[in-house]
Structures are given as C-alpha cells and as structure tokens.
Amino acid sequence: MLATAPSSAILPTIRRVASSPRAWSISHTTRAARCSRRTFATHVEDNFRIPLIDFSKYRNAATAAEKEETAQEVVRGFTDVGFIYLSNHGIPEETVKHTFQKSAEFFAMPIEKKAELAWRDPRANRGFVQVGRERVTQSADADEIKQLREKAPDYKESMEIGRDWDKMYKNYWPQEADAPGFKRTMLDFFQTCHDLHVLVMRSIALGLRLDETYFDNKIHEQFHNLRLLSYPPIKTQLLHGDGTARAGAHSDYGTLTLLFQDSVGGLEVQNPHTGQYQPATPIPGTIVVNAGDLLARWSNDVLRSTLHRVVAPPAKAISETEGITPARQSIAYFCNPNQGAEISCLPTCLVPGGNPKYPPVTTEDYIVGRLKATYM
C-alpha cells in the first residue's frame, strides 16, 4: 500500500480509484443512495465531475448524521476533483453583487490612480497589478517564468487586499473620493469570506475523521488574500499565441479558494486523468471552491489541488478576420493557514508506519516562494 494512503481511521470511508495515487473517493454502504441524490454541474467522458453541494445541510444541520453526510460530500469533491460548487452558502446575493459593483468602480478608475497603489512585495502581497505583470504557472523557475511572461503574459489586472490590521504590511486603498465605499465594502467582504472558510474547513475536518474544530486555531489569524480581478476586452489575435490565456494553468497556493464568477465565465479545470480542460460554468448563486497546494500537502495528497486556467469566452466579430472578447470580472478569496503555521501530514492521512510525501513547511515560506517567482 502506498504511504500516501489514509490511516485506518478513514480507510473505511475512502478508497483509491483509477490509477492515480491522488484519486480518492468516499466508499460507504450508503454511497449509492447518497450519490443518487447528488447534483453534478459539469462532466466529461470519464465522469470527471464538479459536484454541486447544498451547504445549508451542513450550516443548518438538524442532526450530527446530516452534518456528517454533507461533510463527506465536501471531502469526496476534493478527493475526486479538487473543485466543488457550493449553493446556499450563507453569503447573501446582494452582498456579492454590491462587492462586484465596487470592484468594477475601482477598475474603472484612471490607470494613473491605480498605478499609485501598485503591488510591491511578495511578503505583503497587496496592491494593484496591471495587465501583463503577473504570469501564473506551475513553474518555480524565475527565468522560465520571465520568458513565459514576455511570450504570453496573463491578460488581466487585479487588486490584492489582505488583513487590514497587519502590523507590518498595509493595504493600499484608493482615496474615498476616487472610489466611494470601496474600502468599507472590501473589509466587510473579507470578514464574510473568512467566516465561510472556517465552516468549510470544519466540514473538511469532520470528513477526514478529525475533530470538527481541528483547523480553527490554525486559520484564525486570517492570513488570507482577497483578489479583485478584471479581464478587459481583448482582440482575439492577441490570444492566439502559444500558451496565451487570460490566466495560465496553475494551482492555488493555500488551503481553499472561494471564487465568485460573473455570468461570462472562462474558468476551466483540468481532468488529471486525460489532461483535458472542462469549463466550470457559472451557476447563479453558487461559489466555486477549490483546494490549494497547502491543503493537499496537509492531507498528503488525499485532497487534490487541481490545475485550472482562465480562457477567453467566445468573441464578438468586429471584422471578417478579427473578434473581441467581452470583459469579465471575478473575485477570488485565497484562504490560507496562519502565517507561521507548520503544514505537515495530518494524522488521519497517513498509513501507520508510512512516510509523508512532503517535508513540513510554513505557510509564509511556501506562499512567498511561489509569489516571488510569479510576479515581475
């Protein structure tokens, strides 16, 4: 048996599927009955699916069994795919719409105003990032990333926001006159997303046979990053280069990412068994949630950090030979463990006598290392 297999504490509930050492699925005697009640939002030919999970059944569970059932659905989604859709997640639709509106108002500011708030430091990871400055990729080689950035930069701009009470690193806020209500809206949304992150991590703990509050004191510092994203309209000829995308193929760095999409779409998730990408089609009222690298390391790859990218949606013809894509907005909340937390194999994700796949690493060291290579 592989050393990455779960211990006997969760072996009765997780089995390895296909040929991938990272592919796991829940296996209960009641699995067939539960699967018949699940809703799958997208799929490809070999049943690689992104599950749609009603999270109110966890948030408002009347019994421990009901909470456990939803927790197992969440874990199964992250073991099989690495991505889930959450419906009834508890964040009001009006809150999401208002945050999108304030994000749009920010990006509509003159470039000179936004440039005053420019991103400067991977340890701070705060500020405005103009089109072409970032090149997300799985590579950790700075020279290789530099070549990719010059050849095929990511066609997007972003605004990065961290915890506002940090004693060392401060957020870069626009003047209130330039973006009325922007700061207050983003601070409130930052806290709202953290609260949901805590609940999802509790469901994961329960699904991995840990105490439900196992992660609480490992994520309470709110060492997260709220990223506002704007993908401007772009002529299709600029997207025809090799490796060019609105955001290149990559995995995320932390525990979870909460992604709020507009109706345009463009997110695609890689099927690890075929290498093909499938759309994560926007579903109104849902949040796309994916596991990041640190959660995969924590779980010894029982939970999957899946490659994904953002591609251009269908273009509108502006001539016989040229088209232009629509603008797109999204908001990503990158959830991380505490800054100094040591990420090492969870006790229920290692077979007795086995060895972890990864050495321990702190949150800050891992994330800063990835960010240093990603930006100019």
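Here, every reference points to the structure presented above.
Residues numbered from 1 in each chain as written. Predicted model: local features only at pLDDT ≥ 70, side-chain atom pairs only at ≥ 80, totals over all residues. Heavy atoms only, no water.

A. The packing of helix 3 (residues 64-80) against helix 7 (residues 182-207), seen in detail. Across the interface, helix 3 lies against helix 7 with an axial gap of 8 Å and an inter-helix angle of 90°. It follows from the interaxial angle that helix 3 and helix 7 lie roughly perpendicular. Here helix 3 contributes Lys67, Glu68, Ala71, Gln72, Val74, Val75 and Phe78 to the contact with helix 7, which in turn contributes Ser203, Ile204, Leu206 and Gly207. Tallied by class, the residues present in the contact of helix 3 with helix 7 amount to 6 nonpolar, 3 polar and 2 charged. (Axes fitted to C-alpha atoms, helices over the stretch in contact; angles between N-to-C directions. Helix = DSSP H or I, 4+ residues; strand = E, 2+ residues; numbered from the N terminus. Parallel < 35°, antiparallel > 145°, perpendicular 65-115°, else oblique. Contact = heavy atoms within 4.5 Å. Nonpolar A, V, L, I, M, F, W, Y, C, P; charged D, E, K, R; others polar.)

B. Expanded view of helix 4 (residues 93-107). The end-to-end C-alpha distance of helix 4, which contains 15 residues, comes to 21 Å, matching closely the 21 Å that a straight helix rising 1.5 Å per residue would cover. Within the sequence span of helix 4, burial applies to Val96, Thr99, Phe100, Lys102, Ser103, Phe106 and Phe107. End-on, the buried residues of helix 4 take up no more than an arc of 165°, which puts them together on one face. (Expected span 1.5 Å × (residues − 1). Buried < 20%, exposed > 50% of the residue type's maximum accessible area, 1.4 Å probe, protein only. Arc of directions from axis to C-beta.)

C. How the structure looks around empty space enclosed by the protein. Inspection of every chain in the model, using the stated rule, returns 1 cavity of 30 Å³ or more. In this structure, the largest cavity occupies an estimated 580 Å³ of space. Surrounding the largest cavity, 42 residues form its lining, Asn225, Arg227, Asp252, Tyr253 and Phe334 being those nearest its centre. Broken down by secondary-structure element, the contributors of at least two residues to the lining of the largest cavity are strand 8 (225-231), strand 9 (247-250), strand 10 (256-261), strand 14 (308-310), strand 17 (328-335) and helix 10 (363-374). With 5 residues, the top contributor of residues to the lining of the largest cavity is strand 17. Per-class residue counts for the lining of the largest cavity are 19 nonpolar, 13 polar and 10 charged. (1 Å grid on protein atoms, 1.4 Å probe; cavity = no way out; pocket = protein on both sides within 12 Å on 5 of 7 lines; lining within 4 Å. Points joined across faces, edges and corners; volume = space filled by probe spheres on them.)

D. The arrangement of the environment of Thr70 in detail. Tracing the chain through its elements places Thr70 in helix 3. Take Thr70: its relative accessible area is 1%, and that puts it in the buried class. As for Thr70 and Gly207, which are separated by 137 residues in sequence, their C-alpha atoms are 8.5 Å apart. Setting aside residues up to four positions removed in sequence, Thr70 forms contacts with Ile53, Asp54, Phe55, Lys57 and Tyr58.

E. Layout of helix 3. Under the 1.5 Å per step criterion, the end-to-end length of helix 3 is 24 Å for 17 residues, consistent within 8% with the ideal 24 Å. Taken as a whole, helix 3 has its buried residues at Thr70, Ala71, Gln72, Glu73, Val74, Val75, Arg76, Gly77, Phe78 and Thr79. Trailing helix 3 by a residue or two, Gly82 shows a phi angle of about 90°, which is positive.

F. Quick look at the environment of Ala179. In this structure, Ala179 sits in the loop between strand 7 (157-161) and helix 7. Expressed as a C-alpha distance, the spacing of Ala179 and Met109, which sit 70 residues apart in the sequence, is 8.0 Å. Excluding residues within four positions of it along the chain, Ala179 makes contact with Met109 and Pro174.

Nothing here speaks to function; it is geometry throughout.
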